[in-house]
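Spelled out from the first residue to the last, the chains are:
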There are 2 protein chains.
Amino acid sequence: MRQAILDAAIELLARNRGASLSEIAARAGVGRASLHRHFPLRSDLVAAVVRQCMDETEAATAAATRDAGSARETLWRMLEAVIPLGDRYHFLAGVVSNEAELRARHEAEMEWLARLIDDLKSEGVLAANVPRTWAAAHIDAQIWIAWTEVAAGHLAPAHAADLAFRTLLEGLGRR
Amino acid sequence: MRQAILDAAIELLARNRGASLSEIAARAGVGRASLHRHFPLRSDLVAAVVRQCMDETEAATAAATRDAGSARETLWRMLEAVIPLGDRYHFLAGVVSNEAELRARHEAEMEWLARLIDDLKSEGVLAANVPRTWAAAHIDAQIWIAWTEVAAGHLAPAHAADLAFRTLLEGLGRR
DNA sequence: TCCGAGTGATACACTTATGTCTCATTCGAG
DNA sequence: CTCGAATGAGACATAAGTGTATCACTCGGA
């Protein structure tokens, strides 16, 4: 029940941040009243969605970090793990929560990414003169584009992370 | 008057597609009634904004094409011309107009981009095995990221097109 | 079987955005 | 200066979303 609502909310809110509670309840197959029983205010639902998205992406990045040796390998595993969560990820990027806990977790994720970028530079994987924000924005974009292309059927899921990884490092030019 | 409203609308709608007419009128420094005189319905205003954005981006891409020799040069000029229009461009990407004329113009722009990508492959600038939709999505993303970084003050406007161009072709890896 | 928690449907009040209308004011052309 | 068009302010009706409350129903456990 609660999970069905959260799933429907992610699906609709990722596409349209202004999706109405009626739409979400209908998609979840529950009455709007029941939705309000689990999430009294709209903001409660949004916060719960953000929290779940963070849980999932943090679990994915944690797994990618855990037993990876190099930063290069970490990046690859992170892309592989996070691209299938593209809608979650995109939703997070667009929502700025006003709850302190969620803000803090988001900050932590951003710092993790910044550290990864620094490590990639140290390893000589990323060019040293690439600005950190530029690199971060492109990693974000790769995840979103890869997920979109998979969802549109233009790209086989198995190749998505590989293509994103290579494009990120080598670009689209003829090598 | 009319132009002030359009400018305010682009500014606010690019950031928030659901911006209210009151906000837009206030930002333009006009009464809401006057806004309705020029654009009876919200959809009229949105269509006018889309039309102006298309005028500007088409003018930019047309100028980039006009006296450019190679497709490589066309791409470079297009990036240089369109990145400063980042907010316009981003707005267009998010709005799907239901007016036939605007849809047709958008289609034409997409086809122009597809042709450019094919030409870039013919010239050996883009790798031949890069899917067309993948390349198009990345060109879009480069424009948006570059504009965002410039707007955030992380990147000098003069370097934006150059950095975007090089990242697109060569990626972020150490070459 | 009976009871109670959970659910769906529905009604209600409230808020916000939209579109229409009126009226007094202003500003520029003649 | 005078007239008229355009403007700003505001009232009004309507629609949609949100949050609350109520009521009847269902289903599972005691």
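Rules of the game
- Residues numbered from 1 in each chain as written.
- Chains lettered and ligands numbered in written order.
- Predicted model: local features only at pLDDT ≥ 70, side-chain atom pairs only at ≥ 80, totals over all residues.
- Heavy atoms only, no water.
- Near = heavy atom within 4 Å.
- Polar contact = N/O pair within 3.5 Å; in protein donor to acceptor, adjacent residues only side chain to side chain.
- Helix = DSSP H or I, 4+ residues; strand = E, 2+ residues; numbered from the N terminus.
- Nonpolar A, V, L, I, M, F, W, Y, C, P; charged D, E, K, R; others polar.
- 1 Å grid on protein atoms, 1.4 Å probe; cavity = no way out; pocket = protein on both sides within 12 Å on 5 of 7 lines; lining within 4 Å.
- Points joined across faces, edges and corners; volume = space filled by probe spheres on them.
- Least-squares fit on C-alpha atoms with pLDDT ≥ 70 in both.
- Contact = heavy atoms within 4.5 Å.
- Buried area = accessible area lost by both parts, 1.4 Å probe.
- Salt bridge = Lys/Arg side-chain N within 4 Å of Asp/Glu carboxyl O.
- Expected span 1.5 Å × (residues − 1).
- Buried < 20%, exposed > 50% of the residue type's maximum accessible area, 1.4 Å probe, protein only.

S.K.: Outline the protein's contact with DNA strand C, listing residues and values.
M.R.: Within the structure, DNA strand C sits among 16 residues, and S34 and R37 of chain A together with L21, R32 and R42 of chain B are positioned closest to it. Contact distances for DNA strand C include 3.2 Å between a phosphate oxygen and a backbone N or O atom of G31 of chain A. The backbone of L21 of chain B places a nitrogen or oxygen atom 2.8 Å from a phosphate oxygen of DNA strand C. Of all the elements in the fold, those that place two or more residues in the surface near DNA strand C are helix 3 (32–38) of chain A together with helix 3 (32–38) of chain B. For the surface near DNA strand C, the element with the most residues is helix 3 of chain A, which contributes four residues. Split by residue class, the surface near DNA strand C holds six nonpolar, six polar and four charged.

S.K.: Any details on the layout of surface pockets? Residues and values, ideally.
M.R.: Considered as a void within the structure, the second largest pocket measures approximately 260 Å³ in volume. Surrounding the second largest pocket, 13 residues form its lining, A127, N129 and V130 of chain A together with R166 and G171 of chain B being those nearest its centre. Across the lining of the second largest pocket, the residue classes tally to five nonpolar, four polar and four charged.

S.K.: So what's going on with the protein's contact with DNA strand D? Which residues, and what values?
M.R.: Close to DNA strand D lie 17 residues, the nearest being L21, R32 and R42 of chain A together with S34 and R37 of chain B. Of all DNA strand D atoms lying within 4 Å of any protein atom, the proportion belonging to sugar or phosphate reaches 50%. Between R42 of chain A and DNA strand D, the recorded distance is 2.6 Å, taken from a side-chain N or O atom to a phosphate oxygen. R37 of chain B is positioned such that a nitrogen or oxygen atom in its side chain is 2.8 Å from a base oxygen of DNA strand D. Looking at the surface near DNA strand D, the elements that each hand over two or more residues are helix 3 of chain A together with helix 3 of chain B.

S.K.: Let's hear about the relation of the copies chain B and chain A: which residues, and what values?
M.R.: With an RMSD of 0.1 Å, the fit of chain B onto chain A corresponds to turning through 180° and sliding 0.1 Å along the axis. These values place the two chain copies in the arrangement generated by a two-fold rotation axis. Relative to the rotation axis, the C-alpha of G171 of chain B is the closest in chain B, positioned 1.7 Å from it. A shared binding surface is used by both copies, with 96% of the interface residues of chain B retained as interface residues in chain A.

S.K.: Lay out the interface of chain B and chain A with the relevant residues and their values.
M.R.: Chain B puts 28 residues into the contact, and the matching count from chain A is 27 residues. In total, chain B and chain A occlude about 2,400 Å² of area from one another, counting both sides; carbon and sulfur atoms represent 66% of this. When residues of chain B are sorted by the area they lose upon contact with chain A, W134, I145 and L172 of chain B head the list and together hold 32% of the total. Inspection of the chain B/chain A interface yields zero salt bridges. Run the count over chain B and chain A and you get 18 residue pairs in polar contact (both at pLDDT 80 or more).

S.K.: Talk me through helix 8 (residues 132–151) of chain A; I want residue IDs and the actual numbers.
M.R.: Taking 1.5 Å of rise per residue, 20 residues should cover 28 Å, and helix 8 of chain A covers 29 Å from first to last C-alpha, within 8% of that figure. Every buried residue belonging to helix 8 of chain A is among W134, A135, A136, H138, I139, A141, Q142, I143, I145, A146 and E149 of chain A, and all of these are buried. Buried residues along helix 8 of chain A sit in contact with helix 5 (71–82), helix 6 (86–94), helix 7 (100–122) and helix 9 (157–170) of chain A together with helix 8 (132–151) and helix 9 (157–170) of chain B. Phi turns positive, to about 80°, at G153 of chain A, one or two residues after helix 8 of chain A.

S.K.: How would you sum up empty space enclosed by the protein? Please name residues and give values.
M.R.: Using the criterion set out here, one finds two cavities of 30 Å³ or more in the structure. If you trace the largest cavity, you find it lined by H138, Q142, T167, L168, G171 and L172 of chain A together with H138, Q142, T167, L168, G171 and L172 of chain B. A per-class count over the lining of the largest cavity returns four nonpolar, eight polar and no charged. As for the second largest cavity, its lining consists of H138, A141 and Q142 of chain A together with H138, A141, Q142 and I145 of chain B. Counting residues per element, the ones that place at least two in the lining of the second largest cavity are helix 8 of chain A together with helix 8 of chain B. Residue contributions to the lining of the second largest cavity peak at four residues, all from helix 8 of chain B. In the lining of the second largest cavity, the residues fall into three nonpolar, four polar and no charged.

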